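# Fold and geometry: a report
Here is how the chains run, residue by residue.
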Amino acid sequence: MARAREERCEALVVGSGAGGAVAASELAEAGWDVLILEEGGHYTTKDFSIHPREMIPKLYRDGGSAVIWGKPNIYFSEGKCVGGSTVINGGMCWRTPEKILARWASEGIAEITAEKMAPHYERVEKYINVAHQDPESLGRDNEIFVEGCRKMGWSVTPNRRNQIHCAGSNTCIFGCPTGAKQSTLVSYIPRARNVGARLLPRVRVEKILFKGGRAAGIEGKFTRQSDTPGEKLIVHADTVLVAGGASQTPALLLRSGVRHSQLGKNLLCHPNVKVIGLFDEDVSSYKGVHQSHQCHHFFDEGMILAIAGVPPALVAMGFPYFGKQSADLMMHYNNMVFAGGLVEDTGSGHVKVLGNGQPLMRYDINAADTRTAIKVAARVSQVLFAAGAKKCYLPFFGLDAIDTMDEAKKLEAADIPAKHIELLTVHIMGTARMGPDEKRCVVGDYGEVYGHKGLFVCDASAFPGAVGVNPMETIMALSDRFARHLADHREDFVAPKAA
Amino acid sequence: MKEHNLSPRARRVLHALVRTLIPRNAKINFPLEDDMQDFVDGYMDHFPSFLKFLFPLGLYFLEFGTWVFFFSWRRFSRLPAPDRERYIAGWAGSRFFLKRELIKGVRGLALLAFYSDPQVCEAIGYRHQEWIEFAKKRRLESYAEDIRQKEALIRGKSA
């Protein structure tokens, strides 16, 4: 039997996305010996193209075919590559809203206040260059959305994004080919490597190793796409920081024998509802940034409205049409605005591990969130009609389009069963939630898994509840907080080096 | 080395399905069925294991389901084109979730392949690559020095 490759480090980081890359970089800068493992491949700016059939299999887990099973099924996309989902996301950066922090504080997480988190946000915002868009990078679709919101009398806020003079090329979801989007691939990962952190891509971590009740490393394998497919890897580590996302992280912990009644539970998925508006004018949504504004006017009702330009292949996939109907509709691609909204979920699901070690996600949207999803579609449609749309295509089985503002307003009260709504998500969270109560929470205030010294969770799994906004900046700020706390307590985890 | 994920019989069913789904009108008329079929078959490499198992079963169910759901002794792949369309439309609008999901899944992948084709993109006026080149150039002409400084700050090298 071939011998396993062995590595040694002080901090082993599993996952190179928003959480993992920040933790790795902070610890490396504090002088720790850091090794980052990433299951996906290592692609660079030059590798990114606009061709979905080439990029989706490379950058997305399961080729983009991941599903959260339930009523209805929710299609889930996450990145599987160095940089994780930060490579494929739209780059929206929002600090955790004060209303959310207050809710978390009421659940006992008193340390996560806006004031205490401010230094972490500032640090993250500096290292991913959070900024507003340059005006020339906005496209006509973004202008239409802003016009529509203003005509409805609804407040609209310009996004801040992690970007250096974004060109407005609208290729975010396939990796930024200009290098403007500051995913962790081009920010925290090179930052970490510049101070000595090592990176091994195409490694699947199979289980965490423990010694005397403490995390002691991992066992894994190089994937079949690597240069050494199937080669076993053992890493000996003083600390293990897991940042695989809210599906892979609990699955890894469960596979490794970590047991807690709440591990894998409290899955929140921030369901996303899409609406497509058809206009007479030439919108050419690909000419301009993916998303420049959001409408937070209904944030207290658990809704965010926005647009998000996508290529024709993805648009066509989303319509229920084929044959001549599909061709006739897609001839008007350049007249379309792709819009939608996010629902701050009040219900939750769970993640289990199958016999083959893979996670299985289960989530049934509850009645309240179903009503919110319908209202999101209705209100987005109203924005589009206010801006001049001739028709809005809806994500409802049996009601695929409406033609007037009046219909859009009546839609708010429509009784549509959950199973007839097409939902998707790119934000999952909560499956290893943090908090001071060991019985209700999987990890403590600084991400350490209760009962497992040296084992940390540094991703959205640790969120105590729904964050309501795009989660990337919250993930990064929490990870920054966890890592800096760990760095300040090095002596508790790492034996001093022999003189 | 295995050339295809699906058996020859399953590929015949898939080809018939793709021939039914392929978008076509006066301006969009490209014979991309073989490419679409190969793309869907190849994409199985990325499926989670349970889908790799269920997908061929779903195709066989589609093939022989005409006996029950369409009252025809002809298999799906042997139906005339208008009947295939009506049969698939019935599955796409079925109240049975698995029937809808099969058509949705194959339609999604087949159309992903179709609308990624450069000829199709040109026919619908989607000229993204041209735009990217323009936007890239504009960005560098306007902000090159600021970009260089900010990237150096972020990555930890001195400006």
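Up top is the structure these notes are about.
Just so it is clear, the model here is predicted, and its values are computed rather than measured. The residue numbering used here restarts from 1 in each chain and proceeds along that chain's sequence as written. Naming scheme: in the order in which they are written, chains are lettered from A and ligands are numbered from 1. Totals for whole chains, interfaces and linings use all residues, but because this is a predicted model, local features are given only for residues with pLDDT of at least 70 and pairs of side-chain atoms are given and counted only at 80 or more. In computing side-chain values, all of the structure's heavy atoms are included and hydrogens and water are not.

## Regarding the overall build of chain B
For chain B, the helix and strand inventory stands at eight helices and zero strands. The size measure is the radius of gyration over C-alpha atoms, and the globule rule it meets is 2.2 Å times the number of residues to the 0.38 power. Against the compact-globule benchmark of 15 Å for 159 residues, chain B has a radius of gyration of 22 Å, which places it well outside the compact range. Only protein chains enter the area calculation, which uses a 1.4 Å probe; residues under 20% of their type maximum are buried, those over 50% are exposed, and those in between are partly exposed. Buried residues in chain B amount to 49% of all 159 residues. Here the accessible surface of atoms and residues is derived via Shrake-Rupley with a 1.4 Å probe, and residues count as covered only by protein chains that are part of the display. Here chain B displays about 8500 Å² of accessible surface, and carbon together with sulfur accounts for 58% of that area. Separation of charge centres in chain B, based on 27 positive and 19 negative side chains, amounts to 7 Å. Strands are runs of DSSP state E lasting at least two residues, helices are runs of H or I lasting at least four, and both sets are numbered from the N terminus onward. His is not counted, nor are the chain ends, whereas Lys and Arg count as positive and Asp and Glu as negative. Note that the charge is assigned to NZ on lysines, CZ on arginines, CG on aspartates and CD on glutamates.

## Describing a nonpolar patch on the surface
Residue and element names in this part refer to chain B. Patch membership is restricted to residues that have no salt bridge and whose relative accessible area is over 30%. Joining uses 9 Å for like charges and 5 Å for the nonpolar side chains Val, Leu, Ile, Met, Phe, Trp and Tyr. By salt bridge we mean one thing: a side-chain nitrogen of Lys or Arg within 4 Å of a carboxyl oxygen of Asp or Glu. Together, Phe61, Trp67, Val68, Phe69 and Trp73 line one region of the surface with nonpolar side chains, adding up to about 630 Å² of accessible area. Top contributing element to the nonpolar patch by residue count: helix H4 (residues 66–69), with three residues. Inspection of the secondary structure assignment puts Phe69 in helix H4. A relative accessible area of 33% means that Phe69 is categorised as partly exposed.

## Some points on the interface of chain B and chain A
Residue contacts are counted whenever heavy atoms from the two residues lie within 4.5 Å of one another. Contact with chain B, which involves 58 residues of that partner, is made by 63 residues of chain A. By definition, the buried area sums, over both parts, the 1.4 Å-probe accessible area that each loses when the two are put together. Among the residues chain B hides against chain A, the three largest losses belong to Arg139, Ile154 and Arg155 of chain B. Together they make up 14% of the total. For the pair chain B and chain A, the number of links is two salt bridges. Between Lys104 of chain B and Glu422 of chain A there is a salt bridge, with the nearest N and O atoms lying 2.9 Å from each other. Listing elements by their share of the side of chain B that touches chain A, those giving two or more residues are helix H1 (8–21), helix H2 (33–43), helix H3 (49–64), helix H5 (81–92), helix H6 (97–114) and helix H8 (128–155) of chain B. The element that contributes the greatest number of residues to the side of chain B that touches chain A is H8 of chain B, accounting for 16 residues.

## Digging into the side chain of Asp369 of chain A
All names here are of chain A. The residue Asp369 is located in helix H11 (residues 367–386) in this model. Buried charge without a salt bridge: Asp369, with Arg103 as the nearest opposite-charge side chain at an N-O distance of 9.9 Å. Excluding its chain neighbours within four sequence positions, the residues that come into contact with Asp369 are Val343, Glu344, Asp345, Thr346, Gly347 and Tyr363.

## Comments concerning the packing of aromatic side chains
All names here are of chain B. In this scheme Phe, Tyr and Trp rings, the latter by its six-membered ring, pair at centre separations within 6.5 Å, and the angle between planes marks the pair as stacked below 30 degrees, edge-to-face above 60, and tilted otherwise. Tallying each qualifying case throughout the model produces 23 aromatic pairs over all chains. Here the aromatic rings of Phe47 and Phe55 are separated by 5.9 Å at their centres, their planes lie at 85 degrees, and the arrangement is edge-to-face. Residues Phe47 and Phe55 agree in their burial class; the two are buried. Between the aromatic rings of Trp67 and Trp73, the centroid separation amounts to 6.3 Å while the plane-to-plane angle is 50 degrees, which identifies the pairing as tilted.

## Section: the pairing of strand E13 (residues 272–278) of chain A
Residue and element names in this part refer to chain A. Taken across its seven residues, E13 has six buried, putting it largely inside the fold. At least two DSSP bridges between two strands are needed for those strands to be called paired. Note that E13 and strand E16 (residues 336–343) share seven bridges and pair antiparallel. Within E16, the position partnered with Ile276 by the bridge is Phe338.

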